[in-house]
Amino acid sequence: MSSEREDSEESETSEPVPLSPGTLYVVSTPIGNLEDMTYRAVRILKNTDRIFCENAAHSRKLFRHYSITTPSSTLYRDQSETPYASLLEELRSGKNFALVSDAGTPGVSDPGSQLIRIVRESGFAVTSVPGPSAVTALLGISGWQANPFLFLGFLSEKKGKKRNQLGEWKSFEGLIMFFESVHRIEDSLEAVREIYPECEFLIGREMTKIHEQILLISPLNPGKAAEFARKGEFVVLINTNRKKMLKGALGTADRIQ
């Protein structure tokens, strides 16, 4: 075990690693709190040749905050026969690019997976610059072991299909997470109670933001999720592990933050 730790320490470096030509950097950005930006993310965004954004106008607030003046543009899905041909040609010439979404990690319930896949399939390097994530933010404070863990992303807008998506995993024993918008959260929470009546679930609203709130709902204490869920962006974590289900470890269905 000690030798593994030594090997790990030897591979770590405090020196900035120069950007590699012909590389796409997939950069995580804050999900609400601008202070969650990593040093590495700032350095790469300042030194890459161009930043491709989910929405360039949205990202400019972040860039101004960190004095990032790199040229940026909105990345649109390319439906041509040879998607992103000019971008690939620039990578071939030795340029490097960064990809960011409006918040969090591109490709995780955010746009970007098409470009990432095409760049990799074309033989270029794709490098992760990890950072904030609503997924790990709620998992980390749940007090539940994320083993196993299932992430469903955003559920369907259609009520019937949404219940089918949740019901498909009714026999799963572990943690199930999904994202939801303010317009559909009440119906989604109702579906969770219908399909998982024995289970506790945790709701995170506005993770890392000023008005962040966490609510634990249990079968015995249904709480006031409807009042809690009137605005914001949501992450829901269901504990379906009946063998190890916590019984009141986080109190009742009271707000814990």
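As shown above, the structure is provided for reference.
Keep in mind it's a predicted model, so treat the numbers as computed, not measured.

Asker: Which parts of the structure should I look at to understand the overall build of the chain?
Answerer: A count of helical and extended segments in the chain gives 9 helices and 10 strands. The buried share of the chain, taken over its 257 residues, is 43%. If you take every contact in the chain between residues at least 6 apart in sequence, the share linking residues at least 24 apart comes to 72%.

Asker: Hey, could you run me through the pattern of salt bridges in this one?
Answerer: Note on pairing: side chains with opposite charge can pair once their charged atoms come close. Counted by the stated rule, this structure contains 10 salt bridges. The partner of Asp187 in a salt bridge is Arg163, with the nearest N and O atoms 3.0 Å apart. Of this pair, Asp187 sits in helix 8 (residues 185-195) while Arg163 sits in helix 7 (residues 159-167); the two residues are 24 residues apart in sequence, bridging distant segments of the chain. Classification of Asp187 by relative accessible area gives buried; the value is 14%.

Asker: Sorry, what's going on with the sheet that holds strand 8 (residues 200-205) here?
Answerer: To summarise the sheet geometry, strands pair through backbone hydrogen bonds and adopt either a parallel or an antiparallel arrangement. Spatially, 5 strands are ordered 6-7-10-8-9 in an open sheet, and the strand pairing comes out mixed. Looking along the sheet, the strands with just one partner apiece sit at the ends: strand 6 (149-154) and strand 9 (213-217). Geometrically, the sheet is characterised by an average inter-axis angle of 15 degrees between neighbouring strands, direction not taken into account.

Asker: I keep staring at the packing of aromatic side chains and nothing clicks. Help me out?
Answerer: Aromatic rings considered in pairs are described by the distance between their centres and by the relative angle of their planes. Counted according to the given criterion, the structure contains 4 aromatic pairs. With a centroid separation of 5.2 Å and an interplanar angle of 70 degrees, the aromatic rings of Phe52 and Phe97 are classed as edge-to-face. Separated by 45 residues along the polypeptide, Phe52 in strand 2 (residues 50-53) and Phe97 in strand 4 (residues 97-100) bring together distant segments of the chain. Both residues of the pair, Phe52 and Phe97, count as buried. Measuring from centroid to centroid gives 6.3 Å for Trp169 and Phe172, while their planes differ by 85 degrees, and the two rings are edge-to-face. Here Trp169 falls in the partly exposed class, since its relative accessible area comes to 28%. A network of ring pairs unites the aromatic residues Phe151, Phe154 and Phe179 as a single cluster.

Asker: I keep staring at helix 7 and nothing clicks. Help me out?
Answerer: An α-helical turn contains 3.6 residues, so a residue and the one three or four places further along point in the same direction. Residues Lys162, Arg163 and Leu166 constitute the buried set of helix 7. Taken around the axis of helix 7, the buried residues stretch over an arc of 95 degrees, which confines them to a single face. Projecting away from the buried face of helix 7 at angles above 90 degrees are the exposed residues Lys161 and Asn164. On its buried face, helix 7 sits against strand 6, strand 7 (175-180), helix 8 and strand 10 (234-239).

Asker: Could you clarify how one ought to interpret the environment of Gly153 in this entry?
Answerer: By secondary structure assignment, the location of Gly153 is in strand 6. A C-alpha to C-alpha distance of 7.7 Å links Gly153 and Val108, two positions 45 residues apart in sequence.

Asker: Mind showing me how you'd approach the sheet that holds strand 5 (residues 125-129) here?
Answerer: The 5 strands are arranged 3-2-4-1-5 in an open sheet whose pairing can be described as parallel. Of all strands in the sheet, those bounded by a partner on one side alone are strand 3 (72-74) and strand 5. The mean inter-strand angle of the sheet, taken between neighbouring strand axes irrespective of direction, is 25 degrees. Across 3 bridges, the pairing between strand 2 and strand 3 is parallel.

Asker: Looking at this structure, I do not really get the nonpolar core. What am I missing?
Answerer: Of all hydrophobic cores here, the largest spans 20 residues; its most connected members are Leu166, Phe178, Tyr196, Phe201, Ile203, Val236 and Ile238. Looking at this core, the elements with two or more residues in it are strand 7, helix 8, strand 8, strand 9 and strand 10. Considering every element that reaches this core, the biggest residue donor is helix 8, with 5 residues. Aside from chain neighbours lying at most four places away, what touches Leu166 is Leu152, Leu155, Phe178, Ala191, Val192, Ile195, Tyr196 and Ile238. Of all hydrophobic cores here, the second largest spans 18 residues; its members include Cys53, Leu62, Phe63 and Val129.

About the thresholds
Residues numbered from 1 in each chain as written. Predicted model: local features only at pLDDT ≥ 70, side-chain atom pairs only at ≥ 80, totals over all residues. Heavy atoms only, no water. Helix = DSSP H or I, 4+ residues; strand = E, 2+ residues; numbered from the N terminus. Buried < 20%, exposed > 50% of the residue type's maximum accessible area, 1.4 Å probe, protein only. Contact = heavy atoms within 4.5 Å. Salt bridge = Lys/Arg side-chain N within 4 Å of Asp/Glu carboxyl O. Pairing = 2+ DSSP bridges. Axes fitted to C-alpha atoms, helices over the stretch in contact; angles between N-to-C directions. Phe/Tyr/Trp six-rings, centres within 6.5 Å; stacked < 30°, edge-to-face > 60°. Arc of directions from axis to C-beta. Core = buried A, V, L, I, M, F, W, Y, C linked by side-chain atoms within 4.5 Å.

This is a description of form; function is not addressed.
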